[in-house]
Amino acid sequence: MYEKARRGESIELSPRRISIFQFDIERSLEDRQNLIFRVTCSKGTYIRSLCADLGKALGSCAHLTALRRDSIGQYSADDAWEFHDLEEAITKAYF
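Cut-off values and rules
Residues numbered from 1 in each chain as written. Predicted model: local features only at pLDDT ≥ 70, side-chain atom pairs only at ≥ 80, totals over all residues. Heavy atoms only, no water. UniProt positions renumbered as here; feature names shortened; annotations may be inferred. Helix = DSSP H or I, 4+ residues; strand = E, 2+ residues; numbered from the N terminus. Buried < 20%, exposed > 50% of the residue type's maximum accessible area, 1.4 Å probe, protein only. Polar contact = N/O pair within 3.5 Å; in protein donor to acceptor, adjacent residues only side chain to side chain. Contact = heavy atoms within 4.5 Å. Arc of directions from axis to C-beta.

Identification of the protein as tRNA pseudouridine(55) synthase from Punica granatum is taken from an unreviewed UniProt entry. According to the UniProt record, the Sequence similarities (unreviewed entry) comment for the protein reads "Belongs to the pseudouridine synthase TruB family."

Have a look at this one:
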């Protein structure tokens, strides 16, 4: 879907059942037009669509300016290797 949207193609997403386990607004910026939120959700959740739906529910519109996946399944960004450490491990033939 992301690639189609980037090409400017119209996308009509069909409704699907998802689960939102947690939705926290972490920070509302001073201009009151931007906010940062963290969501824990089931697979198949389109965060861009969730953001647009939130805007509609508030009687406005909304879009993402940035998106970061902090974890997927048991894997967390906190456990990721720094590039330098990975490069060093590869050159030392640890893999």
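Draft legend 1. Examining the side chain of T45 more closely. Residue placement: T45 occurs in the loop between β2 (35-41) and α2 (47-57). The class for T45 is buried, based on a relative accessible area of 13%. Within the structure, the side chain of T45 is placed 2.8 Å from the backbone oxygen of S42, a separation counted as a polar contact. Once residues lying within four places of it in the same chain are set aside, the contact partners of T45 are I18, S19 and I20.

Draft legend 2. Seen up close, α2. Within α2, the full set of buried residues consists of I47, L50, C51 and G55. For α2, the buried positions fall inside an angular range of 140° around the axis, keeping them on one side. Exposed residues lying more than 90 degrees from the buried face of α2 are K56 and A57. Buried residues belonging to α2 abut β1 (20-28) and β2. A positive backbone phi angle near 75° is found at G59, which sits one or two residues after α2.

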